[in-house]
Amino acid sequence: MNVEIEDSWKEKLQAEFNKPYFLQIVSHLKTERSTHTIIYPSGKLIFNAFKQTPFNNVKVVILGQDPYHGPNQAMGLSFSVPNEIKPPPSLINIFKELNNDIGMQIPQIGNLTAWAKQGVLLLNAVLTVRANEPASHSKIGWMNFTDAVIKKISDEKKGIVFLLWGRFAQEKQILIDELKHYVLKAAHPSPFSADKGFFGCKHFSRTNELLVKQGLTPIDWKL
């Protein structure tokens, strides 16, 4: 089927779009929308991570779980919220670690598009969610798709830095060829777990060290 997604990703993932599980995702979303169910993010933002970070530009992957489920929060980039939305607790903790790690001033906005444009793929494992129902679309097939995305990056690129925060993200480690890529693991930045190993992980400076070692431009994490 014809999916509106950035051209380089469309080429890499074309085979996925015709598989039964993906057709099931499309059918499921159409059915829910026909019953006036509110789904986040809006249709044009479901593949925003791919739009902002074309395949050839990917240098870093930050894996989230599913989109924010409150009004106007989800924008198709893991952990990110639009300019006018107050940064949620997990994102605030990410900013705190950035402050601790590289001395970055904690920003007032939570829009991470600037990271995405530098090659940080902000990928949620599940790309949609019902309003006010976290994980409500975790079993409709999105995991098959995003697992294929991670596998495609692992197979066809080299030297990617994968940041896996929390048990859910770390379960995806099996999809990554660690002979070709770098995997940095820590606790999730949620307030429930950030003090169990996220704070102090220094993943942002470590990521840039790994990029520079490969002769690549480091990420400017400042927003």
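From a predicted model like this one, the values you see are computed outputs, not experimental measurements. (Residues numbered from 1 in each chain as written. Predicted model: local features only at pLDDT ≥ 70, side-chain atom pairs only at ≥ 80, totals over all residues. Heavy atoms only, no water.)

Engineer: Quick question: what am I supposed to make of the pattern of salt bridges here?
Structural biologist: Pairs may arise between side chains of opposite charge once their charged atoms sit close together. All told, the structure shown has 8 salt bridges when counted by the stated rule. Residue E156 is joined to K12 by a salt bridge in which the shortest nitrogen-to-oxygen separation is 2.7 Å. Of this pair, E156 sits in helix α6 (residues 142–156) while K12 is found in helix α1 (residues 7–17), placing the two residues 144 residues apart along the sequence. Where K196 meets D195, a salt bridge forms, and the shortest distance between an N and an O atom there is 3.9 Å. For K196, a relative accessible area of 64% translates into the label exposed. Exposure remark for D195: the relative accessible area of 59% places this residue in the exposed category. What emerges from the salt-bridge pattern is a single network uniting K12, K152 and E156. (Salt bridge = Lys/Arg side-chain N within 4 Å of Asp/Glu carboxyl O. Helix = DSSP H or I, 4+ residues; strand = E, 2+ residues; numbered from the N terminus. Buried < 20%, exposed > 50% of the residue type's maximum accessible area, 1.4 Å probe, protein only.)

Engineer: How should I be thinking about the sheet that holds strand β3 (residues 120–124) in this particular structure?
Structural biologist: Adjacent strands of a sheet form backbone hydrogen bonds with each other and so pair up, either parallel or antiparallel. Taken in spatial order, the 4 strands of this open sheet run β3-β2-β5-β6, and their pairing is parallel. The open sheet has two free edges, formed respectively by β3 and β6 (182–186), since each of these has just one partner strand. Across the sheet, the mean angle from the axis of one strand to that of its neighbour is 20 degrees, orientation sign disregarded. Taken together, the 5 bridges between strand β2 (residues 60–64) and β3 define a ladder with parallel strand orientation. Directly across from I62, in β3, lies its bridge partner L122. α6 contacts β2, β3 and β5 (161–165) of the sheet and is inclined by roughly 155 degrees relative to β3. (Pairing = 2+ DSSP bridges. Axes fitted to C-alpha atoms, helices over the stretch in contact; angles between N-to-C directions. Contact = heavy atoms within 4.5 Å.)

Engineer: It is not clear to me how the nonpolar core should be interpreted in this structure. Could you clarify?
Structural biologist: Soluble, globular proteins show a tendency: their nonpolar side chains are buried together. Ranked by size, the top nonpolar core spans 69 residues in total, and within it W9, F47, F50, W115, W142, F145 and I153 carry the most contacts. What W115 contacts, discounting residues up to four positions off in sequence, is I62, I94, L98, V120, L122, F204, D220, W221 and L223. (Core = buried A, V, L, I, M, F, W, Y, C linked by side-chain atoms within 4.5 Å.)

Engineer: I'm lost on the packing of aromatic side chains in this one. Help?
Structural biologist: The geometry of two aromatic rings is summed up by the distance between their centres and the angle between their planes. Under the counting rule described, the total for this entry stands at 19 aromatic pairs. Through a chain of ring-to-ring contacts, the aromatic side chains of W9, F17, Y21, F22, F47, F50, F55, W142 and F145 assemble into a single cluster. (Phe/Tyr/Trp six-rings, centres within 6.5 Å; stacked < 30°, edge-to-face > 60°.)

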